[in-house]
Each structure stands twice: as structure tokens, then as C-alpha cells.
Amino acid sequence: MSDVAQAVTDELSTLSPDAGDYFAEQHTAWTQDMQDYQNLIATLKAGANGRNYAATESIFDYMAQAVGLTDATPEGFARAAANESDPTPTDIAAFETAVTQGQIDVLIYKNTQTDRE
């Protein structure tokens, strides 16, 4: 996100040099606003060292990588989730076994069918 924000700031400043100071100020403000978020990611990363995760959806994959978790989602289950298809009974069994036998440190669960707004 930081790289994109900097690229947008640079491009806007190029397109509208008279507003360059404004864009730079906005970028600085955004960077400061994001600092608590970045600090939280660093804290999570320190605690995630050497740990893995399994996920019912791929929605958390980028954040998991950012905090240093290793994806241990059984391959068939992950493939089904990525393709928005149903996992096979074998895939479900592999997922359940990994969770119940303590092979998974963190479970990321997201089920849009049960969410309420």
C-alpha cells in the first residue's frame, strides 16, 4: 500500500505540479494515519514467527504473508476455496484432521453465508 500511495502522490504531483505540496502533505498525513496499523502488523509478525495457518477462504492470505504466517491449508481444500467450489469429502477430512491434530496454529474462518450486516 505504501508503494502505491507514493506512486499515486508522485503521479499526481507530476500531473499537477502546482498542487505538489498539497499531495505531499496528504501523503504524509496518510502515512501517519497508517502508522498504528503498521505497528500492529509488526507486533503480530513478532508473535507469528514459525507459526502456520489454515484458512477457509483466501481472503487473509496477503495479511498472513505480511505477518509471517506459513500457509498450511491442505492443498485440495485451498484449491476448492480459490475456485469458489465445494471441497471434496477427502479435502474436508484433510482440513479437519490438520485442525484437530494440532497441525494448524491459527485458523482463519470466513463464511459469507453466515455473516450478518
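Here is what the cut-offs are and how they apply
Residues numbered from 1 in each chain as written. Predicted model: local features only at pLDDT ≥ 70, side-chain atom pairs only at ≥ 80, totals over all residues. Heavy atoms only, no water. Patch = residues over 30% accessible without salt bridge, like charges linked within 9 Å, V, L, I, M, F, W, Y side chains within 5 Å. Areas by Shrake-Rupley, 256 points an atom, 1.4 Å probe, with all protein chains shown as cover. Salt bridge = Lys/Arg side-chain N within 4 Å of Asp/Glu carboxyl O. Helix = DSSP H or I, 4+ residues; strand = E, 2+ residues; numbered from the N terminus. Buried < 20%, exposed > 50% of the residue type's maximum accessible area, 1.4 Å probe, protein only. Arc of directions from axis to C-beta. Contact = heavy atoms within 4.5 Å.

Q: Pulling in residues and values, what's your account of a nonpolar patch on the surface?
A: Where nonpolar side chains cluster on the molecular surface, the patch consists of Val4, Val8, Leu12 and Leu15 and spans about 360 Å² of accessible area. One can find Leu15 in helix α1 (residues 2-15). On the basis of relative accessibility, which here comes to 63%, the residue Leu15 falls in the exposed class.

Q: Account for helix α4 (residues 75-82), naming residues and giving values.
A: Every buried residue of α4 is listed here: Gly76, Phe77, Ala80 and Ala81. What you see down the axis of α4 is that its buried residues fit within an arc of 135°, all on one side. Along α4, exposed side chains directed more than 90 degrees from the buried face belong to Glu75 and Ala82. Where the residues of α4 are buried, they touch β1 (52-55) and α5 (89-100). Glu84, located one to two residues past α4, shows a positive phi value of around 55°.

Worth remembering: the numbers are spatial, not functional.
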